[in-house]
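# Examination of the molecular architecture
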Amino acid sequence: MKLWLTRPLPDAVEARARATFDVEIRPSNMPLSGEQLRQALRDYDIVMPTLGDRFQADVFDDVPDPRCKLLANFGVGYNHIDVEAARRHGIAVSNTPGAVTDATADIAMTLILMTARRAGEGERMLRAGQWNGWHPTQMLGLHVTGQTLGVVGMGRIGQAIARRCHFGFGMDVRYVSRSDKALAFPAARDGSLTELAGKCDILVVAVPGGAETHHLIDEAVFAAQQPHAIFVNIARGDVVDEAALVAALRAGQIAGAGLDVYEFEPQVPAALMAMENVTLLPHLGTAALNVRTDMGMMVLDNVQAFVEGRALPNPV
Ligand code: NAP
(Lines give C-alpha, C1' and ligand atoms only; values in the text may rest on other atoms or scores of the structure.)
Protein backbone atom coordinates (compact mmCIF):
# COMPACT_ATOMS: atom_id res chain seq x y z
CA MET A 1 0.00 0.00 0.00
CA LYS A 2 1.22 3.45 -0.86
CA LEU A 3 1.37 6.03 1.96
CA TRP A 4 1.57 9.80 1.43
CA LEU A 5 2.88 11.94 4.28
CA THR A 6 1.80 15.42 3.23
CA ARG A 7 4.38 17.26 5.36
CA PRO A 8 7.97 16.68 6.51
CA LEU A 9 7.88 15.12 10.01
CA PRO A 10 10.41 14.66 12.85
CA ASP A 11 13.35 12.42 11.82
CA ALA A 12 12.32 9.41 13.95
CA VAL A 13 8.85 9.38 12.38
CA GLU A 14 10.16 9.65 8.82
CA ALA A 15 12.71 6.89 9.56
CA ARG A 16 9.99 4.53 10.81
CA ALA A 17 7.74 5.37 7.87
CA ARG A 18 10.55 4.67 5.35
CA ALA A 19 11.54 1.42 7.09
CA THR A 20 7.99 0.10 7.29
CA PHE A 21 5.93 1.42 4.38
CA ASP A 22 6.04 2.31 0.71
CA VAL A 23 6.03 6.00 1.54
CA GLU A 24 6.27 9.31 -0.28
CA ILE A 25 6.98 12.42 1.80
CA ARG A 26 5.86 15.76 0.36
CA PRO A 27 8.67 18.28 0.88
CA SER A 28 6.40 21.25 1.63
CA ASN A 29 4.84 22.79 4.72
CA MET A 30 1.99 24.44 2.82
CA PRO A 31 -1.57 23.06 2.97
CA LEU A 32 -2.55 20.85 0.02
CA SER A 33 -3.92 22.70 -3.02
CA GLY A 34 -7.29 21.76 -4.53
CA GLU A 35 -5.56 19.56 -7.10
CA GLN A 36 -3.32 17.93 -4.47
CA LEU A 37 -6.36 17.10 -2.30
CA ARG A 38 -7.87 15.23 -5.24
CA GLN A 39 -4.54 13.64 -6.16
CA ALA A 40 -4.31 12.38 -2.55
CA LEU A 41 -7.58 10.48 -2.95
CA ARG A 42 -6.74 9.26 -6.47
CA ASP A 43 -3.11 8.15 -6.17
CA TYR A 44 -2.47 6.83 -2.64
CA ASP A 45 -3.97 4.09 -0.44
CA ILE A 46 -3.33 5.97 2.81
CA VAL A 47 -2.84 9.70 3.27
CA MET A 48 -1.69 11.66 6.32
CA PRO A 49 -3.44 15.05 6.14
CA THR A 50 -3.12 17.78 8.74
CA LEU A 51 -4.40 21.24 9.66
CA GLY A 52 -5.26 23.30 6.57
CA ASP A 53 -5.85 20.32 4.26
CA ARG A 54 -9.48 20.95 3.45
CA PHE A 55 -10.92 17.53 2.62
CA GLN A 56 -14.46 18.86 2.18
CA ALA A 57 -17.44 17.17 0.48
CA ASP A 58 -16.68 18.62 -2.98
CA VAL A 59 -13.21 17.03 -2.94
CA PHE A 60 -14.65 13.57 -2.20
CA ASP A 61 -17.41 14.10 -4.79
CA ASP A 62 -14.78 14.89 -7.45
CA VAL A 63 -13.07 11.50 -6.87
CA PRO A 64 -16.01 9.07 -6.84
CA ASP A 65 -13.90 5.90 -6.82
CA PRO A 66 -10.95 6.80 -4.58
CA ARG A 67 -7.87 4.62 -4.18
CA CYS A 68 -7.45 6.16 -0.73
CA LYS A 69 -9.08 4.18 2.08
CA LEU A 70 -7.64 5.94 5.16
CA LEU A 71 -7.01 9.57 6.10
CA ALA A 72 -4.67 9.21 9.11
CA ASN A 73 -4.84 12.76 10.41
CA PHE A 74 -1.81 14.31 12.13
CA GLY A 75 -3.47 16.13 15.06
CA VAL A 76 -6.41 15.60 17.39
CA GLY A 77 -8.52 18.31 15.69
CA TYR A 78 -10.00 17.15 12.38
CA ASN A 79 -12.50 19.91 11.54
CA HIS A 80 -10.71 20.37 8.18
CA ILE A 81 -12.02 16.92 7.16
CA ASP A 82 -15.70 16.28 6.37
CA VAL A 83 -15.75 12.92 8.14
CA GLU A 84 -19.30 12.06 7.02
CA ALA A 85 -18.40 12.69 3.36
CA ALA A 86 -15.25 10.57 3.79
CA ARG A 87 -17.32 7.75 5.25
CA ARG A 88 -19.82 7.92 2.37
CA HIS A 89 -16.91 7.39 -0.02
CA GLY A 90 -15.57 4.42 1.97
CA ILE A 91 -12.66 6.31 3.55
CA ALA A 92 -11.88 5.88 7.26
CA VAL A 93 -10.41 8.72 9.35
CA SER A 94 -8.13 8.50 12.40
CA ASN A 95 -6.52 11.16 14.61
CA THR A 96 -3.93 11.56 17.40
CA PRO A 97 -5.74 12.21 20.71
CA GLY A 98 -3.88 12.20 24.01
CA ALA A 99 -0.42 12.86 22.54
CA VAL A 100 -1.27 16.57 22.37
CA THR A 101 -3.07 17.10 25.68
CA ASP A 102 -0.37 18.27 28.09
CA ALA A 103 1.54 20.37 25.55
CA THR A 104 -1.63 22.23 24.55
CA ALA A 105 -2.59 22.77 28.19
CA ASP A 106 0.90 24.20 28.76
CA ILE A 107 0.35 26.70 25.94
CA ALA A 108 -2.97 27.68 27.54
CA MET A 109 -1.07 28.35 30.78
CA THR A 110 1.52 30.36 28.84
CA LEU A 111 -1.27 32.49 27.36
CA ILE A 112 -3.04 32.89 30.70
CA LEU A 113 0.14 33.99 32.46
CA MET A 114 1.47 36.17 29.64
CA THR A 115 -1.84 37.97 29.25
CA ALA A 116 -2.69 38.32 32.94
CA ARG A 117 0.83 39.51 33.86
CA ARG A 118 1.36 41.58 30.71
CA ALA A 119 4.52 39.66 29.81
CA GLY A 120 4.47 40.35 26.06
CA GLU A 121 3.89 44.04 26.61
CA GLY A 122 6.68 44.18 29.21
CA GLU A 123 9.14 42.37 26.99
CA ARG A 124 8.34 44.63 24.04
CA MET A 125 8.91 47.70 26.25
CA LEU A 126 12.24 46.37 27.55
CA ARG A 127 13.54 45.42 24.10
CA ALA A 128 12.55 48.85 22.81
CA GLY A 129 14.86 50.41 25.42
CA GLN A 130 11.93 52.07 27.18
CA TRP A 131 12.28 50.47 30.62
CA ASN A 132 13.34 53.07 33.18
CA GLY A 133 13.43 50.78 36.22
CA TRP A 134 11.09 49.20 38.79
CA HIS A 135 8.44 51.23 40.54
CA PRO A 136 5.46 50.26 42.70
CA THR A 137 2.73 50.96 40.16
CA GLN A 138 4.46 49.80 36.99
CA MET A 139 2.59 47.45 34.62
CA LEU A 140 0.13 46.07 37.15
CA GLY A 141 -1.62 43.00 35.84
CA LEU A 142 -4.07 40.39 37.09
CA HIS A 143 -2.77 38.15 39.91
CA VAL A 144 -3.58 34.66 38.64
CA THR A 145 -3.46 32.67 41.90
CA GLY A 146 -6.88 32.18 43.46
CA GLN A 147 -8.93 33.43 40.49
CA THR A 148 -11.88 31.62 38.98
CA LEU A 149 -11.21 29.67 35.78
CA GLY A 150 -13.99 28.99 33.28
CA VAL A 151 -13.43 26.11 30.84
CA VAL A 152 -15.52 25.85 27.68
CA GLY A 153 -15.32 22.15 26.76
CA MET A 154 -14.14 19.96 29.65
CA GLY A 155 -12.50 17.26 27.51
CA ARG A 156 -8.91 16.02 27.66
CA ILE A 157 -7.27 19.42 27.14
CA GLY A 158 -9.88 21.32 29.16
CA GLN A 159 -9.26 19.00 32.10
CA ALA A 160 -5.48 19.28 31.77
CA ILE A 161 -5.80 23.09 31.91
CA ALA A 162 -8.17 22.91 34.88
CA ARG A 163 -5.81 20.53 36.76
CA ARG A 164 -2.93 22.96 36.29
CA CYS A 165 -5.04 25.93 37.38
CA HIS A 166 -6.57 24.18 40.40
CA PHE A 167 -3.55 22.34 41.80
CA GLY A 168 -0.88 24.80 40.64
CA PHE A 169 -2.63 28.14 41.09
CA GLY A 170 -5.36 27.45 43.64
CA MET A 171 -8.11 28.48 41.23
CA ASP A 172 -11.79 27.66 41.49
CA VAL A 173 -12.87 25.80 38.36
CA ARG A 174 -16.19 26.16 36.52
CA TYR A 175 -17.10 24.75 33.12
CA VAL A 176 -19.62 24.07 30.40
CA SER A 177 -19.59 20.83 28.42
CA ARG A 178 -22.18 18.80 26.60
CA SER A 179 -22.13 16.13 29.32
CA ASP A 180 -21.42 16.06 33.05
CA LYS A 181 -17.88 14.94 33.92
CA ALA A 182 -16.37 12.83 36.70
CA LEU A 183 -13.37 15.03 37.46
CA ALA A 184 -10.28 14.57 39.62
CA PHE A 185 -10.69 18.09 41.05
CA PRO A 186 -13.61 20.17 42.33
CA ALA A 187 -15.48 21.98 39.53
CA ALA A 188 -18.95 23.48 39.10
CA ARG A 189 -20.84 22.98 35.83
CA ASP A 190 -22.79 26.01 34.65
CA GLY A 191 -26.03 25.84 32.70
CA SER A 192 -25.02 28.22 29.95
CA LEU A 193 -21.97 29.79 28.37
CA THR A 194 -23.01 33.33 29.34
CA GLU A 195 -23.55 32.24 32.95
CA LEU A 196 -20.03 30.78 32.97
CA ALA A 197 -18.57 33.85 31.27
CA GLY A 198 -20.07 36.15 33.90
CA LYS A 199 -18.70 34.15 36.81
CA CYS A 200 -15.05 33.66 35.84
CA ASP A 201 -11.91 35.81 35.75
CA ILE A 202 -10.22 33.69 33.09
CA LEU A 203 -12.26 32.05 30.32
CA VAL A 204 -10.52 29.35 28.25
CA VAL A 205 -11.91 27.66 25.15
CA ALA A 206 -11.08 23.97 24.57
CA VAL A 207 -13.88 22.62 22.34
CA PRO A 208 -13.29 21.03 18.92
CA GLY A 209 -13.82 23.18 15.82
CA GLY A 210 -16.50 22.45 13.24
CA ALA A 211 -20.05 23.43 12.30
CA GLU A 212 -21.42 22.74 15.79
CA THR A 213 -19.05 25.13 17.55
CA HIS A 214 -18.66 27.80 14.83
CA HIS A 215 -18.81 31.25 16.55
CA LEU A 216 -19.82 29.56 19.83
CA ILE A 217 -17.97 32.45 21.47
CA ASP A 218 -19.83 35.52 20.24
CA GLU A 219 -20.78 39.06 21.21
CA ALA A 220 -23.10 37.81 23.98
CA VAL A 221 -20.31 35.81 25.65
CA PHE A 222 -17.92 38.78 25.69
CA ALA A 223 -20.72 41.07 26.92
CA ALA A 224 -21.27 38.68 29.84
CA GLN A 225 -17.60 38.71 30.89
CA GLN A 226 -16.35 41.02 33.63
CA PRO A 227 -14.19 44.00 32.58
CA HIS A 228 -11.12 42.68 34.46
CA ALA A 229 -11.45 39.19 32.91
CA ILE A 230 -9.25 37.68 30.22
CA PHE A 231 -10.17 35.38 27.37
CA VAL A 232 -7.95 32.55 26.03
CA ASN A 233 -8.42 30.38 22.94
CA ILE A 234 -6.27 27.31 22.27
CA ALA A 235 -9.01 25.39 20.42
CA ARG A 236 -9.76 26.46 16.84
CA GLY A 237 -9.98 30.00 15.51
CA ASP A 238 -13.47 29.84 14.08
CA VAL A 239 -14.96 28.83 17.43
CA VAL A 240 -14.62 32.55 18.16
CA ASP A 241 -16.29 35.42 16.32
CA GLU A 242 -13.02 37.34 15.89
CA ALA A 243 -14.76 40.60 14.96
CA ALA A 244 -16.77 40.39 18.20
CA LEU A 245 -13.55 39.75 20.14
CA VAL A 246 -11.91 42.84 18.63
CA ALA A 247 -15.01 44.90 19.45
CA ALA A 248 -15.08 43.64 23.05
CA LEU A 249 -11.40 44.46 23.55
CA ARG A 250 -11.86 47.91 22.00
CA ALA A 251 -14.87 48.62 24.22
CA GLY A 252 -13.04 47.46 27.36
CA GLN A 253 -15.62 44.70 27.97
CA ILE A 254 -12.70 42.39 28.76
CA ALA A 255 -9.17 43.21 29.98
CA GLY A 256 -7.18 41.13 27.52
CA ALA A 257 -6.95 38.03 25.36
CA GLY A 258 -4.45 35.24 24.70
CA LEU A 259 -4.75 33.46 21.36
CA ASP A 260 -2.99 30.47 19.80
CA VAL A 261 -5.45 30.09 16.91
CA TYR A 262 -7.25 32.47 14.54
CA GLU A 263 -10.46 32.52 12.56
CA PHE A 264 -8.71 32.99 9.20
CA GLU A 265 -5.35 31.44 10.11
CA PRO A 266 -2.58 32.34 9.29
CA GLN A 267 -4.06 35.82 8.88
CA VAL A 268 -4.20 37.73 12.14
CA PRO A 269 -6.30 40.92 12.25
CA ALA A 270 -4.19 44.09 12.33
CA ALA A 271 -6.49 45.35 15.09
CA LEU A 272 -5.35 42.51 17.38
CA MET A 273 -1.69 43.01 16.50
CA ALA A 274 -1.96 46.67 17.52
CA MET A 275 -3.34 45.87 20.99
CA GLU A 276 -0.82 45.64 23.84
CA ASN A 277 -3.25 43.64 26.02
CA VAL A 278 -3.41 40.73 23.58
CA THR A 279 -0.94 37.82 23.48
CA LEU A 280 -0.61 36.30 20.02
CA LEU A 281 1.10 32.95 19.44
CA PRO A 282 1.51 31.23 16.05
CA HIS A 283 -0.49 28.03 16.80
CA LEU A 284 2.22 26.60 19.09
CA GLY A 285 -0.09 24.22 21.03
CA THR A 286 1.79 21.01 20.22
CA ALA A 287 5.05 22.52 19.00
CA ALA A 288 7.61 20.44 20.91
CA LEU A 289 9.84 17.83 19.23
CA ASN A 290 8.84 14.91 21.46
CA VAL A 291 5.14 15.79 21.16
CA ARG A 292 5.25 16.05 17.38
CA THR A 293 7.23 12.76 17.33
CA ASP A 294 4.56 11.09 19.49
CA MET A 295 1.85 12.44 17.18
CA GLY A 296 3.68 11.10 14.12
CA MET A 297 4.15 7.69 15.75
CA MET A 298 0.44 7.61 16.55
CA VAL A 299 -0.34 8.32 12.88
CA LEU A 300 1.92 5.40 11.90
CA ASP A 301 0.32 3.12 14.52
CA ASN A 302 -3.01 3.76 12.80
CA VAL A 303 -1.47 3.23 9.36
CA GLN A 304 0.14 -0.03 10.53
CA ALA A 305 -3.12 -1.33 12.02
CA PHE A 306 -4.91 -0.49 8.77
CA VAL A 307 -2.29 -2.22 6.61
CA GLU A 308 -2.44 -5.33 8.82
CA GLY A 309 -6.25 -5.38 8.74
CA ARG A 310 -6.61 -4.65 12.46
CA ALA A 311 -9.05 -2.15 14.05
CA LEU A 312 -7.74 1.43 14.03
CA PRO A 313 -6.42 2.44 17.47
CA ASN A 314 -7.76 6.00 17.05
CA PRO A 315 -10.77 6.01 14.72
CA VAL A 316 -12.74 9.25 14.36
P1 NAP B 1 -11.93 16.28 23.54
O2 NAP B 1 -11.31 15.42 24.59
O3 NAP B 1 -12.85 15.66 22.56
O4 NAP B 1 -12.68 17.46 24.31
C5 NAP B 1 -13.56 18.35 23.71
C6 NAP B 1 -14.60 18.79 24.73
O7 NAP B 1 -15.44 19.77 24.15
C8 NAP B 1 -15.50 17.67 25.22
O9 NAP B 1 -15.55 17.72 26.62
C10 NAP B 1 -16.87 17.99 24.64
O11 NAP B 1 -17.92 17.66 25.49
C12 NAP B 1 -16.78 19.49 24.55
N13 NAP B 1 -17.69 20.06 23.56
C14 NAP B 1 -17.85 19.70 22.27
N15 NAP B 1 -18.78 20.48 21.69
C16 NAP B 1 -19.21 21.34 22.64
C17 NAP B 1 -20.17 22.37 22.67
N18 NAP B 1 -20.87 22.67 21.58
N19 NAP B 1 -20.34 23.07 23.83
C20 NAP B 1 -19.62 22.76 24.92
N21 NAP B 1 -18.70 21.77 24.96
C22 NAP B 1 -18.51 21.08 23.84
O23 NAP B 1 -10.82 17.02 22.69
P24 NAP B 1 -9.37 17.52 23.17
O25 NAP B 1 -8.35 16.48 22.94
O26 NAP B 1 -9.50 18.12 24.53
O27 NAP B 1 -9.11 18.66 22.07
C28 NAP B 1 -9.99 19.77 21.95
C29 NAP B 1 -9.66 20.57 20.72
O30 NAP B 1 -8.47 21.34 20.95
C31 NAP B 1 -9.31 19.76 19.48
O32 NAP B 1 -10.46 19.34 18.78
C33 NAP B 1 -8.47 20.73 18.66
O34 NAP B 1 -9.26 21.43 17.72
C35 NAP B 1 -7.92 21.69 19.70
N36 NAP B 1 -6.45 21.60 19.79
C37 NAP B 1 -5.69 22.70 19.56
C38 NAP B 1 -4.32 22.60 19.63
C39 NAP B 1 -3.42 23.78 19.36
O40 NAP B 1 -2.33 23.57 18.83
N41 NAP B 1 -3.78 24.98 19.74
C42 NAP B 1 -3.70 21.38 19.95
C43 NAP B 1 -4.51 20.28 20.19
C44 NAP B 1 -5.90 20.39 20.12
P45 NAP B 1 -18.41 16.13 25.73
O46 NAP B 1 -17.26 15.43 26.38
O47 NAP B 1 -19.54 16.27 26.65
O48 NAP B 1 -18.73 15.59 24.38
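Residues numbered from 1 in each chain as written. Predicted model: local features only at pLDDT ≥ 70, side-chain atom pairs only at ≥ 80, totals over all residues. Heavy atoms only, no water.

Once that is clear, we can look at the overall build of the chain. Within the chain one finds 12 helices and 12 strands. On C-alpha atoms alone, the chain measures out to a radius of gyration of 21 Å, which is about the 20 Å that the 2.2 N^0.38 rule sets for 316 residues. Dimensions of the chain, computed from C-alpha atoms along their principal axes, come out at roughly 65 × 45 × 35 Å. The buried share among the 316 residues of the chain stands at 48%. Contacts spanning at least 24 positions in sequence make up 62% of the contacts within the chain whose residues lie at least 6 apart. Carbon and sulfur atoms form 53% of the exposed surface of the chain, whose accessible area is close to 14,400 Å². (Helix = DSSP H or I, 4+ residues; strand = E, 2+ residues; numbered from the N terminus. Rg over C-alpha atoms; globule rule 2.2 N^0.38 Å. Buried < 20%, exposed > 50% of the residue type's maximum accessible area, 1.4 Å probe, protein only. Contact = heavy atoms within 4.5 Å. Areas by Shrake-Rupley, 256 points an atom, 1.4 Å probe, with all protein chains shown as cover.)

Moving on to the sheet that holds strand 4 (residues 70-72). Strand order in the open sheet made by the 5 strands is 2-1-3-4-5, with parallel pairing throughout. Across the chains shown, the open sheet's two edge strands, defined by having one partner strand only, are strand 2 (22-25) and strand 5 (92-94). Between one strand and the next, the sheet's axes are offset by a mean angle of 20°, whatever the strand orientation. Where strand 1 (residues 2-5) lies against strand 3 (residues 46-48), 3 bridges are found, and the strand directions are parallel. If you follow Trp-4 over to strand 3, its bridge partner there is Val-47. Of the strands in this sheet, strand 1, strand 3 and strand 4 touch helix 2 (residues 34-43), which is tilted by about 160° from strand 1. (Pairing = 2+ DSSP bridges. Axes fitted to C-alpha atoms, helices over the stretch in contact; angles between N-to-C directions.)

This part covers the side chain of Thr-50. Mapped onto the fold, Thr-50 is located in the loop between strand 3 and helix 3 (57-62). Those residues within four positions of Thr-50 in sequence are excluded, and the remaining contacts are Thr-6, Arg-7, Asn-73, Phe-74 and His-80.

So, about the domain arrangement of the chain. By a widely used convention, the size of an interface equals the accessible area lost when the partners come together. Structurally, the chain comprises domain 1 (2-99 + 288-307) and domain 2 (101-280). Here the C-alpha centroids of domain 1 and domain 2 sit 31 Å apart. Residue-level contacts link 8 residues of domain 1 with 8 residues of domain 2. Of the roughly 590 Å² buried at the junction of domain 1 and domain 2 (both faces included), carbon and sulfur atoms supply 52%. Three residues, Leu-51, Asn-79 and Gly-98, lead the burial of domain 1 against domain 2; their summed loss comes to 61% of the area buried on that side. The interface formed by domain 1 and domain 2 includes 0 salt bridges. The interface formed by domain 1 and domain 2 holds 2 residue pairs in polar contact (both at pLDDT 80 or more) in total. Along the lines of polarity and charge, the residues of the side of domain 1 that touches domain 2 split into 5 nonpolar, 3 polar and no charged. (Domains from an automatic or database assignment. Buried area = accessible area lost by both parts, 1.4 Å probe. Salt bridge = Lys/Arg side-chain N within 4 Å of Asp/Glu carboxyl O. Polar contact = N/O pair within 3.5 Å; in protein donor to acceptor, adjacent residues only side chain to side chain. Nonpolar A, V, L, I, M, F, W, Y, C, P; charged D, E, K, R; others polar.)

Every α-helical turn comprises 3.6 residues, leaving residues that sit three or four positions apart pointing alike. All of the buried residues along helix 1 (residues 11-20) are Val-13, Glu-14, Arg-16 and Ala-17. All buried residues of helix 1 lie within an arc of 160° about the axis, which places them on one face of the element. Projecting away from the buried face of helix 1 at angles above 90 degrees are the exposed residues Asp-11, Arg-18 and Ala-19. Close packing links the buried residues of helix 1 with strand 1, strand 2 and helix 12 (289-307). (Arc of directions from axis to C-beta.)

Now for the site of the ligand. Taken together, 26 residues are adjacent to the ligand, and Ile-157, Arg-178, Ser-179, Lys-181 and Ile-234 come closest. Between the ligand and the protein, one listed contact pairs an oxygen atom with a backbone N or O atom of Gly-155 at 3.0 Å. At a separation of 2.3 Å, an oxygen atom of the ligand approaches a polar side-chain atom of Lys-181. Within the complex, the protein chains bury 87% of what would otherwise be the 940 Å² of accessible surface of the ligand. (Near = heavy atom within 4 Å.)

Right, let's get into the packing of aromatic side chains. Per the counting criterion, the structure on display carries 3 aromatic pairs. Taking the centre distance of 6.2 Å and the plane angle of 35° together, the rings of Phe-55 and Phe-60 count as tilted. Phe-60 matches Phe-55 in its accessibility class, with the two residues each being buried. Ring plane angle 80° and centroid distance 5.1 Å describe the contact between Phe-222 and Phe-231, whose orientation is recorded as edge-to-face. We classify Phe-231 as buried; its relative accessible area is 0%. (Phe/Tyr/Trp six-rings, centres within 6.5 Å; stacked < 30°, edge-to-face > 60°.)

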